[in-house]
Amino acid sequence: MQMEIRKVRDSFTCRGFEMLLPILLIVINLSHRVPGLEDHAMSSDEKSKIRDQILEMFDHAYGSYMKYAYPADELMPLSCKGRVRGLEPNRGDIDDALGKFSLTLIDTLDTLVVLNKLNEFEDAVKKTLRDVRLDNDIVVSVFETNIRVLGGLLGAHVMSELLRQRGERMQWYRDELLHMAKDLGQRLLPAFNTTSGLPYPRVNLRYGVLDPLSRTGTETDTCTACAGTMILEFAALSRLSGDSVFEEHARKALDVLWEKRQRGSDLVGTVINIHNGDWVRRDSGVGAGIDSYYEYLMKAYILLGDNVYLERFNTHYSAIMKYISQPPLLLNVHMHNPTVNVRSWMDSLLAFFPGLQILTAIAPGCLVITTRGVGSCVLTARYSASLNLPVGCSATYNKRKRRHRMLCESCVRLKTSNWCMSGCVCVCVCVYVYAHVHANLELLSVYVCVCLCLQVLRGDLKPAIETHEMLYQVTKQHKFLPEAFTTEFRVHWGQHPLRPEFAESTYFLYKATGDPYYLKVGQSIVEKLNAHARVPCGFAAVQDVRTGTHEDRMDSFFLAEMFKYLYLLFSEKSELPLDIDNYIFTTEAHLLPMSLSTTQAPCQGNHTEQLSNVGEDLFTHSCPSTQTLFPNNPSYAKSIRDGYKYLTGVGRAYHPSPVRGIELPLHDTGLEPVEFLKSMGITLTPLNEAAVGIKDTGAQEKGVYRVKLVAEVTQTAEEEEVVPLIVQVISPPFLGRMVLTAGPAKFGMDLTKQEHGVKGSIMKSKPYTACGFIENAVALRGHIALVLRGDCMFAAKARRLQEAGVTGVIFIDHREGSSSEETPLFQMVGDGVSTDDITIPLVFLFSREGTELTSALDQHANVDVLLLSKERQLGKEKTEKLNIKFRLAKEEEVEEGVWDGTTFHLLLERGNKGTDTKDKRKPEEQEEEAQRSAVSEHCSASQAGSQPACRPEPNLEPKADP
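Residues numbered from 1 in each chain as written. Predicted model: local features only at pLDDT ≥ 70, side-chain atom pairs only at ≥ 80, totals over all residues. Heavy atoms only, no water.

So, the overall build of the protein chain
Each helix and strand in the protein chain was counted, giving 25 helices and 40 strands. Per-residue burial for the protein chain yields a buried fraction of 54% across its 962 residues. Taking the contacts inside the protein chain whose residues are at least 6 apart along the sequence as the reference set, 71% of them involve residues at least 24 apart. Carbon and sulfur atoms make up 51% of the accessible area of the protein chain, which amounts to about 43,800 Å² in all. (Helix = DSSP H or I, 4+ residues; strand = E, 2+ residues; numbered from the N terminus. Buried < 20%, exposed > 50% of the residue type's maximum accessible area, 1.4 Å probe, protein only. Contact = heavy atoms within 4.5 Å. Areas by Shrake-Rupley, 256 points an atom, 1.4 Å probe, with all protein chains shown as cover.)

Right, dumping it as structure tokens:
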């Protein structure tokens, strides 16, 4: 880099500066080396071997898509064919990502460049330009289309420009992908035509939203992430195309979400009304529904250089760490009452959050010097290509007089200006350079103000390590991260659609710490994918991690993200075809250049109010030194992980301990604390010296009492018991012969208490997902509604349908091929708020059972069903009743040597009234028997499993032993 330095005696070329900073930073990195730890590092050959394995896996997945599926949107790896929307069974909201625009191809484009498959990239770009159409008459998700297709086109355009400028490839390219991106952006813009500025969740690519032909525009709600995850792609499109309209709309949506936050907690909800801005779901977390909103606030600051986004992120982040973060857990709370957890499970999408906490990114426009823990920025590139130093930030060193002449103003004062980015700290450093002075080469020292930025911009390493380790332990227990798991790390939802968030956080943690442990974690991800997800035609999603069954699904994000993060994890910078530190990853892992902050000024009006009530911490405006904040080295990360090593119980040896000894620092008398503990229901029993199995571990200290904690522990079941229900079709021609196993709900009518169940005719809801206005509400009244799972919560669907007057709801799984035979039943849960208002019966059918029911409805005009518990199934044969009597056998009746002591001899016979029951024994024997037998009972039990109904039978004469 060339710098013209004012206030220096003569101008010179500052090349020594480039040489000095790497040396300084190398010293910093060497100071973090831990003796003995190098032996555990993964060798270059080992990393190269795993990297080659990742490339082979990518070739298998991408090659299968191109061979069996292209130009379809996605590959069906079990069927070895493409998934074309409208030709395959509807899966609900999952299919909203499919727009007949070769989704997987576009989503994979920049991955091909990262993996150095440049020939394949150029060929794929040509296919995209030749085959892909964006004007299809199809309704798509605004959110998914933005992050996958628009982001994919922009990332591919950036890569094409990079290769073209190098002069080796893509010489024919003339911004065609950028033109496609702008065309798509304009097709998404109608979604923002709302009174609030929040976008509709769906848009028709040809007809927009409000056109009568659009088949959309009736929705009233959208998720926070759906509205808040537009700024990176839309701002990049604006700055690359020169049209500011895209960035303005995306910023407006962020402004609305910011204004609608709960001012007391600074949290946002999960679902919001797009017209009036009211919160529909008020549970707040960092997982599904909110996740990428927080991610894009931070990344928008990095990409665009706008402090507004950082201030908002810092405000939200403080609230997250105060209310939601319960290390290592991240639990949803109520945004208006954040001290209350609204559910006891977590979803897998929160796995991205450790990566956000330790986000690896360099401030925009900065010269990147190193990649390990510390980055360095020489001023900011906003001023000019030559980067003139501002007045007051230079000094000279007079070699002859051996003294310094400081001309720097306080760099601390500069921190408050716009000269140094808010994410960096301004420091004054002495740089030694060789310069030509009057034709002589002299060694000079120059004081310059430098913006020092950690690569880990947020830098909150400890909770990131804790949460990541918890997630790793869950994957060790279940092979993959289940879609949702409880706070006890049991499976809540067993599906795993090959999500990449855990691999993403693993990559960023390795970059932040350099700890080879995270290479081992990445290696385990690779091995499990090959062992449990690989199939002949690609990689298949796991339908249930408990059973290992597959789902005929390979989402585009698997190629866009998973392989990108895994390949980068095991690659050195010199092995990549581009400098990865010059780019920011979108939520779909598409690459956008950080030079965008200098391409065009931010759009007007992007301001926020001053947050006077928000306390600032070490992270708020600057990135502190790794030495003062945390020792950024492998041993530090290990010391945190060790506390969570056996979090789920996997890998821990079992050591029975009947008595748990604890030491309490009580006062000398110990009376007051002991009485206090008793008032809490805790009884402490003094352990005397004669107690068995307790060894003295040392001399007793004054005021320390050894006590015995006595408790009865009941082992809880691994899975919560689910009482099966059934949907029994009773109308002709079925007449009760079609019986479908169904799962229950934790809310609504309890069908196990309904002796005769609930009867009704079935009818499909319109829309089928019941997540918007119910179009056929009048026709549905008095019927049992059929509803497809997805788009919104079970409780939200139930409320809408109950208001429409239905008598019950049958939810049908949107995951194709799922069945009760292969997947364990589960109980549907509410939406985090009270569900006492829902009183209708609710049952859940897996896909195969649901298909049988809908097929019956398609074939017959009227189909009547019964919703009831399985044990009350109509037409089920019952066990014939038996009369059971028992008495104690007399001693002479027992053969010698057969029984020891008193035994029970059961006599069973049918209870026919005509049977001769006359007792032929002597009266004294009968009296003795009566005294010994005490009472006879008549018990009957049915096959249905009800409890035996037992009653004394004093009038029945005792039977003789045959």
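Digging into the pattern of salt bridges
For the coordinates displayed, the defined rule picks out 41 salt bridges. Between Arg-91 and Glu-74 there is a salt bridge whose closest N-O contact spans 3.9 Å. Linking Arg-91 in the loop between strand S2 (81-83) and helix H3 (103-114) with Glu-74 in strand S1 (residues 74-76), this pair joins segments that are 17 residues apart in sequence. With a closest N to O distance of 3.0 Å, Glu-161 and Arg-164 form a salt bridge. Of this pair, Glu-161 and Arg-164 are both found in helix H5 (residues 142-166), three residues apart, which corresponds to roughly one turn of the helix. Residue classification places Glu-161 among the buried residues on the basis of a relative accessible area of 16%. Residues joined by salt bridges that share partners form a network here, namely Glu-74, Arg-91, Asp-95, Glu-144 and Arg-148. (Salt bridge = Lys/Arg side-chain N within 4 Å of Asp/Glu carboxyl O.)

Points about the state of the cysteines
Every disulfide links exactly two cysteines, by a covalent bond between their sulfur atoms. This model, assessed by the stated rule, comprises three disulfides. Each disulfide pairs two cysteine sulfurs, and for Cys-771 the partner residue is Cys-792, the sulfurs being separated by 2.0 Å. On the sign convention where negative means left-handed, the S-S torsion of about -90° between Cys-771 and Cys-792 marks this disulfide as left-handed. Placement of Cys-771 in the loop between strand S32 (758-764) and helix H22 (777-780) and of Cys-792 in the loop between strand S33 (784-788) and helix H23 (794-803) is noted, with a sequence separation of 21 residues between them. Owing to a relative accessible area of 25%, Cys-792 belongs among the partly exposed residues under this scheme. (Disulfide = S-S within 2.5 Å.)

Here we look at the pairing of strand S23 (residues 541-544)
Two elements, S23 and strand S24 (residues 549-551), share three bridges in a ladder whose sense is antiparallel. Looking at the pairing, Val-542 lines up with His-550 of S24. Here S23 hands over to S24 after four residues, with Gly-548 in that stretch at a positive phi of 80°. (Pairing = 2+ DSSP bridges.)

Overview of the nonpolar core
Core analysis: the biggest nonpolar cluster contains 165 residues, and Phe-121, Ile-231, Leu-529 and Phe-539 have the highest contact counts within it. Element by element, the count of residues in this core is highest for H5, at 12 residues. Contact partners of Leu-529, with chain neighbours within four places excluded, come to Met-57, Phe-480, Leu-498, Arg-534, Phe-539, Phe-558, Met-562 and Leu-566. (Core = buried A, V, L, I, M, F, W, Y, C linked by side-chain atoms within 4.5 Å.)

Some remarks on helix H24 (residues 847-859)
Its 13 residues place the ends of H24 18 Å apart at the C-alpha level, agreeing with the 18 Å of an ideal helix rising 1.5 Å per residue. Burial in H24 covers these residues: Ser-847, Glu-849, Gly-850, Leu-853, Thr-854, Ala-856 and Leu-857. (Expected span 1.5 Å × (residues − 1).)

Concerning the confidence of the model for the protein chain
For the protein chain, per-residue confidence averages 74 on the pLDDT scale, and 64% of positions sit at 70 or higher. Predicted confidence is poor over residues 360-435, with pLDDT under 50, and the contacts of this stretch with residues over four places away or in other chains come to 243 contacts. Low confidence marks residues 653-719, where pLDDT is under 50. Its contacts with residues over four positions away, or in another chain, come to 48 contacts. (pLDDT = per-residue confidence, 0-100.)

Quick notes on the sheet that holds strand S31 (residues 738-742)
Judged by pairing direction, the sheet is mixed, and its seven strands sit side by side in the order S31-S30-S36-S32-S33-S34-S35 without closing on themselves. Of all the strands in the sheet, just S31 and strand S35 (842-845) have a single pairing partner and so form its edges. Strand-to-strand, the axes of this sheet are offset by a mean angle of 30°, without reference to chain direction. Note: S32 against strand S36 (residues 864-869), four bridges, orientation antiparallel. Note that in S36 the partner of Val-758 across the bridge is Leu-867. (Axes fitted to C-alpha atoms, helices over the stretch in contact; angles between N-to-C directions.)

Let's talk about the pairing of S33
By the criterion of burial, S33 is predominantly enclosed, with five of the five residues buried. Here S33 shows no split at all, with Ile-784, Leu-786 and Leu-788 on one side and Ala-785 and Val-787 on the other all buried. Pairing of S32 with S33 involves three bridges; the strand directions are parallel. Bridge pairing links Ile-762 to Ile-784 in S33. Judged from the five bridges that link them, S33 and strand S34 (residues 808-812) form a sheet pairing that is parallel. Across the sheet, residue Ile-784 finds its bridge partner in S34, namely Gly-808. Each parallel crossover has a hand, and the one from S33 via H23 to S34 is right-handed. (Right-handed = clockwise from strand over helix to strand, strands pointing away.)

A word on the side chain of Asp-552
Here Asp-552 lies in the loop between S24 and helix H17 (556-569). Despite its burial, Asp-552 pairs with no opposite charge; the closest candidate is Arg-83, at 5.4 Å N-O. At 2.7 Å, the side chain of Asp-552 and the backbone nitrogen of Leu-78 are in polar contact. Only 2.3 Å separates the side chain of Asp-552 from the side chain of Ser-79, close enough to count as a polar contact. Not counting chain neighbours up to four residues away, the residues in contact with Asp-552 comprise Met-76, Pro-77, Leu-78, Ser-79 and Arg-83. (Lys, Arg positive; Asp, Glu negative; His and termini not counted. Polar contact = N/O pair within 3.5 Å; in protein donor to acceptor, adjacent residues only side chain to side chain.)

Structural notes on the sheet that holds strand S19 (residues 484-486)
Reading across the sheet, the three strands line up as S13-S19-S20 and stay open at both edges, with antiparallel pairing between neighbours. Taken across any chain shown, the strands that pair with only one partner, and hence form the sheet edges, are strand S13 (345-347) and strand S20 (491-493). Going across the sheet, the axis of each strand differs from the next one's by a mean of 30°, ignoring polarity.

What about the environment of Gly-185?
Note that Gly-185 resides in helix H6 (residues 176-188). With residues near it in sequence (within four places) discarded, Gly-185 still touches Leu-237 and Phe-246.

Focus on the packing of helix H9 (residues 245-259) against helix H11 (residues 307-324)
For the pair H9 and H11, interaxial distance at closest approach is 12 Å and the crossing angle is 35°. Every pair of crossing elements has a handedness; the one defined by H9 and H11 is left-handed. From H9, Arg-251, Leu-254, Asp-255 and Trp-258 reach across to H11, where they touch Tyr-309, Arg-312, Thr-315 and His-316. Looking at the contact of H9 with H11 residue by residue, the class counts come to three nonpolar, two polar and three charged. (Left-handed = near helix turned anticlockwise from the far one by under 90°. Nonpolar A, V, L, I, M, F, W, Y, C, P; charged D, E, K, R; others polar.)

Quick word on the side chain of Ser-869
Within the secondary structure, Ser-869 is located in strand S36. In this structure Ser-869 touches Pro-724, Leu-725, Ile-726, Leu-751 and Thr-752, once residues within four positions along its chain are discounted.

Comments concerning H6
End to end, H6 covers 19 Å across 13 residues, agreeing with the expected 18 Å (1.5 Å per residue, within 8%). Of the residues making up H6, those classed as buried are Leu-177, Leu-178, Met-180, Ala-181, Leu-184, Gly-185 and Leu-188. Buried residues in H6, looked at end-on, bunch into an arc of 155°, giving them a common side. (Arc of directions from axis to C-beta.)

Side note on the packing of aromatic side chains
The final tally for this structure, using the stated rule, is 28 aromatic pairs. Plain terms: the ring middles of Phe-826 and Phe-846 are 6.3 Å apart, the flat faces sit at 70° to each other, and that makes the pair edge-to-face. Of this pair, Phe-826 sits in the loop between S34 and S35 while Phe-846 sits in the loop between S35 and H24, and the two are 20 residues apart along the sequence. In this structure, Phe-826 and Phe-846 share a single accessibility class: buried. The residue whose ring lies beneath Arg-641 is Tyr-518, and the NZ or CZ to ring-centre distance is 5.3 Å. A cation over an aromatic ring shows up here: Lys-764 above the ring of Tyr-768, its NZ or CZ 5.1 Å from the ring centre. (Phe/Tyr/Trp six-rings, centres within 6.5 Å; stacked < 30°, edge-to-face > 60°. Lys NZ or Arg CZ within 6 Å of the ring centre and 35° of its normal.)

Considering unusual backbone geometry
Across residues other than glycine, the phi torsion is negative in most instances, and most of the peptide bonds are trans. Following Tyr-70, the chain continues into Pro-71 via a peptide bond in cis, with omega recorded as 10°. With respect to the secondary-structure elements, Pro-71 resides in the loop between helix H2 (44-69) and S1. Of the consecutive residues Pro-732 and Pro-733, the connecting peptide bond is found in the cis state with omega at 5°. For Pro-733, the location among the structural elements is in the loop between strand S30 (725-729) and S31. Of note in this structure, Cys-80 is not a glycine but carries a positive phi near 55°. A residue is classified by how much of its surface remains accessible, and Cys-80, at 28% relative accessible area, is partly exposed.

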